[in-house]
Amino acid sequence: MLLLGIDIGTSSVKVSVVDAATQKTIASAQYPDQESPIKALHPGWAEQSPSMWWEQAQKALERCHAKGNYNTKDIAAIGIAYQMHGLVLVDKDQNVLRDSIIWCDSRAVEIGDKAFATIGEEHCLSHLLNSPGNFTASKLAWVKENEPEIYSKIDKIMLPGDYIAMELTGEITTSVSALSEGVFFDFKTNGISKEIINYFGFDTSLFPVINPVFSSHGSLQASVAEKLNLKAGIPVTYKSGDQPNNALSLNVLNPGEVAATAGTSGVIYGVNDQLVYDQQSRINTFAHVNYATEQKRLGVLLCINGTGSLYRWVKNTFGTGYTYNQMNAEAEKAPLGSEGLQVLPFGNGAERMLNNKQVGAHFQNIDLNLHTPAHIFRAVQEGIASSFRYGFDIMRGNGMNPTVIRAGKSNLFLSDLFTQTFVNATGVPVELYNNDGSVGAALGAGIGAGIFKSPAEAFSNIKAIKLVEPTTDQFEPVYQEWKALLDVKLKA
């Protein structure tokens, strides 16, 4: 029995087929080969076409099938992971009304800040666990205010994963986890927030049916099944935002467990069983994949918008002709501290951990006679690791004190230098695993379909491949100098 996972990322779509009996990946594929474009019609805006995600998902699945490692008719359930906080709007015929306003778009910050002040900071934090900020609810309010003709045609609002499930099944559903990441959910009343609805003037009919994350979200339509060379009627039994899903893929489900990723964005995600929130909403709390009213499991999320996106920009700008592996190897040639070169990796929209300020990316202290590409590559990795440390200190201040962090060996964690720098910056060991988001989505589908009796069974064969522990390389002075630079930019 096989499970299909689809991971709708910002840069690409990846799919994996997993053997339910062994939890081993049979085949994986990704599309496209180059990073997907983000449309920025104005400074601070970021949009992508939902139809592009759907096309990429089909092409990635076609590549996966072409490997010939499995019988496509043996796939028994489908799981979906997706980039969080994006807004997808469809009319009554399920036609997409506009491009999706995605997670790193900053246009709705002022709208969210005004809602935070008007509804009341204490109410927002204690009920929503977040400021409305530039999350999905504020983005919908922006459409209502600025594109009334489009708003009037909306039948349903969705997160990106809800849209992909709709294309597969023809049905539109959502979950408490999805509603919470959009800052629509009231954790005290366990329902859609009346305050958010009333303040923004939304109609509750815009929201899809709410199902558990691990449950049926519809069955594969016959016409789509034929196109994708799959069995008609396969259930979609799991949908989750990419960061809760990444935590699931690393078996991070219980209080005190913590996961990290360093893809397009960088995230540290810890599980808690209390309705905790940061007073400044610099880190955010959402319903985890296994959240239930009787057993609360919440994901406390630190997000840095520009990690892999910065490394891609550096590759295109300074690393022409290098592969990422060659960039990583080159970075190891530069000394600790990159001989004074410092990088602030904040050029991808408003940063929540910096109180929604747009600081921008900065390269400081460039010496034209000294610094080489090796210095640049290392300084970028050190700057990203330092930004993780900065946010991690905020998490520590909110009671999150893990003894180990789990991460998939992918993206920046493919770099031994970055992994060790991350560990030295945070002071916490990292366990590396081979799982990724698409594998997590596949295993989530197995849980939702009842193929696994519990999440523990789904991960019974998943083992860490490496433990990386802190060394005495004196990173602390490098971090303190980096932090001093950030403080200057924040006051500017």
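Please refer to the structure higher up on the page.
Keep in mind it's a predicted model, so treat the numbers as computed, not measured.

> What exactly am I supposed to notice about the overall build of the protein chain here?
A tally of helices and strands in the protein chain yields 17 helices and 22 strands. Oriented by its inertia axes, the alpha-carbon framework of the protein chain measures out at about 65 × 55 × 40 Å. The 492 residues of the protein chain split such that 61% are buried. Contacts in the protein chain between residues at least 24 apart in sequence constitute 74% of all its contacts with a sequence separation of at least 6. Looking at the protein chain as shown, the accessible area adds up to about 18500 Å², and 48% of this sits on carbon and sulfur atoms. A distance of 2 Å separates the average location of the 39 positive side-chain charges in the protein chain from that of its 49 negative side-chain charges.

> What's the story with the sheet that holds strand 2 (residues 13-19) in this structure? I'm lost.
Hydrogen bonds between backbone groups are what pair the strands of a sheet, and the pairing can be parallel or antiparallel. Ordered by their spatial adjacency, five strands build an open sheet running 3-2-1-5-13, and the pairing between neighbours is mixed. Both outer strands of the open sheet, strand 3 (25-31) and strand 13 (236-241), are each paired with one neighbouring strand and no more. If you compare each strand with its neighbour and ignore which way they point, the axes differ by 15° on average. Both strand 1 (residues 2-8) and strand 5 (residues 75-82) contribute to a ladder of seven bridges, which runs parallel. Within the sheet, the bridge partner assigned to G5 lies in strand 5 and is G79. Contacting strand 1, strand 2, strand 3 and strand 5, helix 1 (residues 50-66) runs over the sheet at an angle of about 140° to strand 3. Against the sheet, helix 15 (residues 437-448) contacts strand 1, strand 2, strand 3, strand 5 and strand 13, and its axis sits at roughly 130° relative to strand 1.

> Just to check I follow, could you spell out the packing of helix 12 (residues 324-331) against helix 13 (residues 373-397) for this structure?
For any two helices packed against each other, the geometry comes down to the angle between their axes and how far apart the axes lie. It is the contact of helix 12 with helix 13, at a shortest axis distance of 8 Å, that shows an interaxial angle of 95°. Looking at the two axes, helix 12 sits roughly perpendicular to helix 13. Every residue of helix 13 that contacts helix 12 at M327, N328, E330 and A331 is listed here: A374, F377, R378 and Q381. Class assignment for the residues of the contact of helix 12 with helix 13 results in four nonpolar, two polar and two charged.

> Hey, could you run me through the packing of aromatic side chains in this one?
Two measures describe an aromatic ring pair: the distance that separates the ring centres and the angle between the ring planes. Per the stated rule, a full pass over the model turns up 22 aromatic pairs. For the ring pair F187 and Y291, a centre distance of 5.6 Å and an interplane angle of 85° mean the geometry is edge-to-face. Of this pair, F187 sits in the loop between strand 10 (185-186) and strand 11 (191-192) while Y291 sits in the loop between strand 16 (284-287) and strand 17 (298-304), placing them 104 residues apart in sequence. By the burial criterion, F187 is buried, and Y291 matches it. Centre to centre, the rings of Y311 and Y324 are 5.9 Å apart; their planes meet at 25°, and the pair counts as stacked. Placement of the pair is Y311 in helix 11 (residues 308-318) and Y324 in helix 12, with a sequence separation of 13 residues. Look at Y324 and you get partly exposed, because its relative accessible area is 32%. Here R107 stacks its cationic end above the ring of W45, 3.6 Å away from the centre of that ring.

> Teacher, can you tell me more about the sheet that holds strand 14 (residues 258-262) here?
Strand order across the open sheet formed by seven strands is 16-17-15-14-20-21-22, with mixed pairing between neighbours. For this open sheet the edge positions go to strand 16 and strand 22 (466-468), each flanked by a neighbour on one side alone. Looking at each pair of strands side by side, their axes are set apart by 30° on average, direction ignored. Judged from the two bridges that link them, strand 14 and strand 20 (residues 405-408) form a sheet pairing that is parallel. By the bridge assignment for strand 20, A260 is matched with A407. Docked against the sheet, helix 13 engages strand 14, strand 15 (266-272), strand 17 and strand 20, running at close to 145° with respect to strand 17. Across the sheet, helix 14 (residues 416-426) touches strand 14, strand 15, strand 20, strand 21 (430-433) and strand 22, and the angle it forms with strand 22 is around 50°.

> Would you take a moment to explain the packing of helix 1 against helix 6 (residues 160-169) for this structure?
Interaxial distance between helix 1 and helix 6 falls to 10 Å at its minimum, and their mutual angle equals 60°. Taken together, helix 1 and helix 6 sit at an angle that is classed as oblique. The chirality of how helix 1 crosses helix 6 is right-handed. Contacts between helix 1 and helix 6 involve P50, S51, W53 and W54 from the former and P160, Y163, I164, E167 and L168 from the latter.

> It is not clear to me how the pairing of strand 15 should be interpreted in this structure. Could you clarify?
Each regular strand displays side chains that alternate between the two surfaces of the sheet. For strand 15, the tally of buried residues reaches seven of seven residues, placing the bulk of the element in the interior. In strand 15, alternate side chains face the same way, and those of G266, I268, G270 and N272 on one face and V267, Y269 and V271 on the other are all buried. Pairing of strand 14 with strand 15, which is carried by five bridges, proceeds in the antiparallel orientation. Looking at the pairing, V258 lines up with G270 of strand 15. Turn length for the strand 14-strand 15 hairpin, with the two strands adjacent in sequence and antiparallel, is three residues.

> It is not clear to me how the nonpolar core should be interpreted in this structure. Could you clarify?
Nonpolar side chains tend to gather and get buried jointly when the protein is soluble and globular. Ranked by internal contacts, the top residues of the largest apolar core, which has 68 residues, are L140, I157, F184, I196, F200 and F202. If you tally residues by element for this core, the top one is helix 15, at six residues. If you look at the next biggest cluster of nonpolar residues, it comprises 52 residues, including L302, Y390, M395 and L412.

> Whenever I open this one, empty space enclosed by the protein confuses me. Can you help?
Where empty space is left in the structure can be found by rolling a water-sized probe over the atoms. Across all of its chains, the model carries four cavities of 30 Å³ or more by this definition. The computed volume of the largest cavity comes to approximately 50 Å³. Taken together, T136, I157, M158, L159, D162, T174, L179, F184, F207 and P208 form the lining of the largest cavity. In terms of residue class, the lining of the largest cavity is built from seven nonpolar, two polar and one charged.

Conventions we followed
Residues numbered from 1 in each chain as written. Predicted model: local features only at pLDDT ≥ 70, side-chain atom pairs only at ≥ 80, totals over all residues. Heavy atoms only, no water. Helix = DSSP H or I, 4+ residues; strand = E, 2+ residues; numbered from the N terminus. Buried < 20%, exposed > 50% of the residue type's maximum accessible area, 1.4 Å probe, protein only. Contact = heavy atoms within 4.5 Å. Areas by Shrake-Rupley, 256 points an atom, 1.4 Å probe, with all protein chains shown as cover. Lys, Arg positive; Asp, Glu negative; His and termini not counted. Charge placed at Lys NZ, Arg CZ, Asp CG, Glu CD. Pairing = 2+ DSSP bridges. Axes fitted to C-alpha atoms, helices over the stretch in contact; angles between N-to-C directions. Parallel < 35°, antiparallel > 145°, perpendicular 65-115°, else oblique. Nonpolar A, V, L, I, M, F, W, Y, C, P; charged D, E, K, R; others polar. Phe/Tyr/Trp six-rings, centres within 6.5 Å; stacked < 30°, edge-to-face > 60°. Lys NZ or Arg CZ within 6 Å of the ring centre and 35° of its normal. Left-handed = near helix turned anticlockwise from the far one by under 90°. Core = buried A, V, L, I, M, F, W, Y, C linked by side-chain atoms within 4.5 Å. 1 Å grid on protein atoms, 1.4 Å probe; cavity = no way out; pocket = protein on both sides within 12 Å on 5 of 7 lines; lining within 4 Å. Points joined across faces, edges and corners; volume = space filled by probe spheres on them.

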